[in-house]
Amino acid sequence: QVQLVESGGGLVQAGGSLRLSCVASGRFLSIGVMGWYRQAPGKQRELVATIQSGGSTNYADSVKGRVTISRDNAKNTVYLQMNSLKPEDTAVYYCNAEIFIMTMRVRYAYWGQGTQVTVSS
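The rules behind the values
- Per chain, the residues get numbers from 1 upward, laid out in the order the sequence is written.
- Owing to the predicted nature of the model, reporting of local features is limited to residues with pLDDT of at least 70; listing and counting of side-chain atom pairs is limited to 80 or more, with chain, interface and lining totals taken over all residues.
- Excluded from the side-chain calculations are hydrogens and water; all other atoms, namely the structure's heavy atoms, are used.
- Note on terminology: pairs of cysteine sulfur atoms within 2.5 Å are recorded as disulfides.
- Counting from the N terminus, the helices are the DSSP runs of H or I reaching at least four residues and the strands are the DSSP runs of E reaching at least two.
- For each residue, the accessible area found with a 1.4 Å probe, counting protein chains only, is set against the maximum for its type, and the residue is called buried under 20%, exposed over 50%, and partly exposed in between.
- We treat two strands as partners when DSSP finds at least two bridges between them.
- For this analysis, a ring pair means two rings from Phe, Tyr or Trp (six-membered ring only for Trp) whose centres lie within 6.5 Å, classed as stacked if their planes differ by under 30 degrees, edge-to-face if by over 60, and tilted for the remaining angles.
- Only Lys NZ and Arg CZ are tested; either one counts as a charge over a ring when it is within 6 Å of the ring centre and within 35 degrees of the ring normal.
- Counted as a polar contact is a pair of N or O atoms within 3.5 Å, where, for protein atoms, one must be capable of donating a hydrogen and the other of accepting one, and residues adjacent in sequence contribute only when both atoms are in side chains.
- Working rule for contacts: check all heavy atoms of both residues, and any pair within 4.5 Å makes them a contact.

**Remarks on the state of the cysteines**
Working step 1: Per the stated rule, a full pass over the model turns up one disulfide.
Working step 2: Each sulfur in the disulfide pair Cys22 and Cys95 lies 2.1 Å from the other. When the S-S torsion is -80 degrees, as for the bridge of Cys22 with Cys95, the disulfide is left-handed. One end of the pair, Cys22, is in strand 3 (residues 18-25); the other, Cys95, is in strand 9 (residues 91-100), with 73 residues separating them in the sequence. Each member of the pair, Cys22 as well as Cys95, is classed as buried.

Here it is as structure tokens:
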């Protein structure tokens, strides 16, 4: 069974930094796109950043210049380095990955359980 497990959330003051990690475990062939999403109270889940297996990245406008997504394919891990955090970054952050289980022709989307990030003003 494939699982995504996030870590690294917490409480930080505005202007501070946090680094989130998400590791994929279980039996699978390969991982495609990995990404981070967030959901604030009363709001819909939104994209933060994604990274392709080859390293190409995409960021939401709201975090550009403050956030860096990276991955270690050998460790099946994706990271999110967040700097200059703002109170509006407060949300539950979810890891997402497209995983090829039995064949490279079919991929499944998996989500982590979420990790809380709280930025105090």
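**Here's the deal with the pairing of strand 7 (residues 67-72)**
Working step 1: Burial of the side chains of strand 7 is restricted to one face: Val67, Ile69 and Arg71 are buried, whereas none of Thr68, Ser70 and Asp72 on the reverse face is.
Working step 2: With six bridges connecting them, strand 7 and strand 8 (residues 77-82) associate as antiparallel partners. Looking across to strand 8, one finds that Thr68 is bridged to Gln81.
Working step 3: Here strand 7 hands over to strand 8 after four residues, with Asn76 in that stretch at a positive phi of 55 degrees.

**Quick look at the packing of aromatic side chains**
Working step 1: Tallied over the entire structure, the rule returns one aromatic pair.
Working step 2: Taken together, a centroid distance of 5.1 Å and an interplanar angle of 65 degrees make the contact between Tyr37 and Trp111 edge-to-face. Separated by 74 residues along the polypeptide, Tyr37 in strand 4 (residues 30-39) and Trp111 in strand 10 (residues 107-111) bring together distant segments of the chain.
Working step 3: By relative accessible area, which is 21% here, Tyr37 ends up partly exposed.
Working step 4: It is Arg45 that lies over the ring of Tyr94; its NZ or CZ is 3.7 Å from the centre.
Working step 5: Its end group placed over the ring of Trp111, Arg45 keeps NZ or CZ at 4.6 Å from the ring centre.

**What about the pairing of strand 5 (residues 46-51)?**
Working step 1: Two strands pair when backbone bridges link them, and strand 4 and strand 5 are joined in this way by five bridges, in the antiparallel orientation. Looking at strand 5, one finds that Trp36 is bridged to Ala49.
Working step 2: Direction of pairing for strand 5 relative to strand 6 (residues 57-59): antiparallel, over a ladder of three bridges. Each residue of the ladder has a partner; that of Ala49, found in strand 6, is Tyr59.
Working step 3: In sequence, strand 5 turns back onto strand 6 through a hairpin of five residues, with Gly55 there showing a positive phi of about 110 degrees.

**Observations regarding the side chain of Thr77**
Working step 1: Summarising the element assignment, Thr77 is placed in strand 8.
Working step 2: Looking at Thr77, the relative accessible area reads 8%, which means it is buried.
Working step 3: At a separation of 2.8 Å, a polar atom in the side chain of Thr77 contacts the main-chain carbonyl oxygen of Lys75.
Working step 4: In contact with Thr77, not counting residues within four places along its chain, are Cys22, Val23, Met34, Ser70, Arg71 and Asp72.

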